Amino acid sequence: MAKRKKNSLQGRIKAATRKLRELWLVGRALAFIGHPVMAQIVPMRYCNLSCGYCNEYDKTSKPVPLEEMFRRVDHLGKLGTSIITISGGEPLTHPELEEVIRRIRKTGAIAGMITNGYLLSKDRIESLNRAGLDHMQISIDNLEPDEVSMKSLKVLDRQLVALSEHALFHVNINSVVGAGFKDPNDALVIGRRAIELGFTSTIGIIHDGDGQLKPLGERESKVWFEMRNWKKKNYSKFNKFQEAIAQGRSNEWRCRAGSRYLYICENGLVHYCSQQRGWPGTPIAEYTKADVKREFLTAKSCAPNCTISCVHQISYIDHWRAPQTSTISPGGHMGEHHGPSEANLVNIL
Ligand code: SF4
Ligand code: SF4
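All of these numbers come straight from a predicted model, not from anything done at the bench. (Residues numbered from 1 in each chain as written. Chains lettered and ligands numbered in written order. Predicted model: local features only at pLDDT ≥ 70, side-chain atom pairs only at ≥ 80, totals over all residues.)

1. With respect to the overall build of the protein
Then comes step 1: Check the secondary structure of the protein and you find 10 helices and 11 strands.
Then comes step 2: Sorting the 349 residues of the protein into buried and exposed places 46% on the buried side.
Then comes step 3: Residue pairs in contact within the protein that sit at least 24 positions apart in sequence constitute 79% of those at least 6 positions apart. (Helix = DSSP H or I, 4+ residues; strand = E, 2+ residues; numbered from the N terminus. Buried ≥ 20, exposed ≤ 12 C-beta atoms within 10 Å, placed from the backbone. Contact = placed C-beta atoms within 7 Å.)

2. What about the environment of Lys-6?
Then comes step 1: Residue placement: Lys-6 occurs in the segment before helix 1 (9-31).
Then comes step 2: Once the C-alpha coordinates of Lys-6 and Phe-169 are considered, the two residues, 163 residues apart in sequence, prove to be 7.7 Å apart.
Then comes step 3: In contact with Lys-6, not counting residues within four places along its chain, are Gly-11, Ala-15, Ala-167 and Leu-168.

3. Examining the site of ligand 1
Then comes step 1: Neighbouring ligand 1 are 13 residues; Cys-47, Leu-49, Cys-51, Cys-54 and Asn-116 lie closest to it.
Then comes step 2: For the shell around ligand 1, the class distribution of residues is 5 nonpolar, 5 polar and 3 charged. (Near = placed C-beta within 6 Å. Nonpolar A, V, L, I, M, F, W, Y, C, P; charged D, E, K, R; others polar.)

4. Observations concerning the site of ligand 2
Then comes step 1: Taken together, 14 residues lie near ligand 2, and Cys-255, Tyr-272, Cys-273, Cys-302 and Cys-306 sit nearest.
Then comes step 2: Partitioned by chemical class, the residues of the shell around ligand 2 number 11 nonpolar, 2 polar and 1 charged.

5. Let's talk about the nonpolar core
Then comes step 1: Core analysis: the biggest nonpolar cluster contains 73 residues, and Ile-84, Val-177, Tyr-261 and Ile-264 have the highest contact counts within it.
Then comes step 2: Excluding residues that lie within four positions of it along the chain, Val-177 makes contacts with Pro-184, Ala-187, Ile-203, Ile-205, Leu-216, Glu-220, Val-223 and Trp-224. (Core = buried A, V, L, I, M, F, W, Y, C linked by C-beta atoms within 7 Å.)

6. Focus on helix 1
For the α-helix, the turn length of 3.6 residues means that residues three or four positions removed from each other point alike.
Then comes step 1: Across its 23 residues, helix 1 extends 33 Å between first and last C-alpha, which sits within 8% of the 33 Å expected from 1.5 Å per residue.
Then comes step 2: Little of helix 1 is tucked away: 1 of the 23 residues are buried. (Expected span 1.5 Å × (residues − 1).)

7. Some details on the pairing of strand 4 (residues 135-139)
Then comes step 1: Burial analysis of strand 4 places 4 of its 5 residues in the buried class, which makes it a mostly covered element.
Then comes step 2: Where strand 3 (residues 110-115) lies against strand 4, 4 bridges are found, and the strand directions are parallel. The partner of Met-113 across the bridge, within strand 4, is Met-136.
Then comes step 3: Handedness of the crossover joining strand 3 and strand 4 through helix 4 (residues 122-131) is recorded here as right-handed.
Then comes step 4: Pairing between strand 4 and strand 5 (residues 170-178): 5 bridges, direction parallel. The partner of Ile-138 across the bridge, within strand 5, is Ile-173.
Then comes step 5: Taking the sense of rotation as the criterion, the β-α-β connection linking strand 4, helix 5 (residues 153-166) and strand 5 turns out right-handed. (Pairing = 2+ DSSP bridges. Right-handed = clockwise from strand over helix to strand, strands pointing away.)

8. Here's the deal with the packing of helix 6 (residues 185-196) against helix 7 (residues 218-228)
Then comes step 1: Close contact between helix 6 and helix 7 brings their axes to 8 Å; oriented N to C, the two are set at 25 degrees. Comparing their axes, helix 7 and helix 6 come out roughly parallel. Across the interface between the two elements, Asn-185, Ala-187, Leu-188 and Gly-191 from helix 6 touch Val-223, Glu-226 and Met-227 from helix 7.
Then comes step 2: A breakdown of the residues in the contact of helix 6 with helix 7 according to their chemical character gives 4 nonpolar, 2 polar and 1 charged. (Axes fitted to C-alpha atoms, helices over the stretch in contact; angles between N-to-C directions. Parallel < 35°, antiparallel > 145°, perpendicular 65-115°, else oblique.)

9. A look at the environment of Leu-66
Then comes step 1: Residue position: Leu-66 is located in helix 2 (residues 66-78).
Then comes step 2: Classification of Leu-66 as partly exposed rests on a count of 16 C-beta atoms within 10 Å.
Then comes step 3: Along the backbone, Leu-66 and Leu-97 are 31 residues apart, and their C-alpha atoms lie at a distance of 8.5 Å.
Then comes step 4: Those residues in contact with Leu-66 that lie beyond four places of it in its chain are Glu-96 and Glu-99.

10. Considering helix 9 (residues 289-296)
Then comes step 1: Along helix 9, the residues that are buried comprise Val-292, Glu-295 and Phe-296. Buried residues of helix 9 fall within an arc of 105 degrees about the axis and therefore sit on the same side. (Arc of directions from axis to C-beta.)

11. Section: the packing of helix 3 (residues 97-106) against helix 4
Then comes step 1: Contact geometry of helix 3 with helix 4 gives a least axis separation of 8 Å together with a crossing angle of 25 degrees. By the angle between their axes, helix 3 is roughly parallel relative to helix 4. For the element pair helix 3 and helix 4, the recorded crossing hand is right-handed. Listed contacts from helix 4 to Glu-98, Ile-101 and Arg-102 of helix 3 are Ser-127, Leu-128 and Ala-131. (Left-handed = near helix turned anticlockwise from the far one by under 90°.)

Keep in mind that these numbers describe shape and distance, not what the molecule does.
Set out below in structure tokens:
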């Protein structure tokens, strides 16, 4: 195998400065509550794949024009957003993705991206390096492609090897257990391959039907507990929120969506999260610090049965302070099936 670029002097300097920037942003998030910690932004609803479970994509949307993406990113910067993650659809199909990444970095935010990885090549990875990408997440669903998902280790291994050799950014591989996937042991193989290639690895839970809590079956639980017990430093810490989800129990927590976490769709509207689109539904250009403050103090009635781990992790920063003083019952998509799109996955490890 070729020498890994991330082990070069350039790679190590980049990793160290990224860590420092992250530490600074975490410190700022702990000290001040008036800004979003993470925003997920969609530059492209179109996807080159058609996963059987997903309703987060279409086959017709055009890319959001670059100038409009700049306006949205700049506004997130003005709100003081710490991390901006690009998702989709498939972001790599946006013809000016690298310019969007450059603009995110210009705001001072950490630049992340969630992709199915199909369009990655050595040249594209080098181009993402130059643009300043900090983090990439790829979800891999199974070992062999089937009628449910083409996001398979067999198809994507070539891209993973290219990433391990050329990427200067951090790479996380997410695998899944739960409904719709034939063999839960696939997740173990995918997780091991990720570690072997020098990436971090997480495991997500897919729930039946409508995104509500449902305990894992026996085989899925076995895999999940095995991965939970992997003590490698590459795995982030298991926590009680995720354990409750795996066992189908509800959680008591304060969701800070609309405040510390924002989801901006391709139409430029701010939503609580991918499962509660339409709330608050304000154009990002009109979103103010007053909105951020109001939502910080607004409890969401969907919180106890929520499975969205990334929002929980962001909200956990403030778990010790500011009890919420009003309640909203979003009537968005919680009752509809969103399938295991990357945004909905529950990160377990
Ligand atoms: S899950 Fe991801 S790769 Fe699959 S169709 Fe949806 S957006 Fe595309
Ligand atoms: S579904 Fe979860 S993340 Fe979304 S608003 Fe409700 S509690 Fe918050």
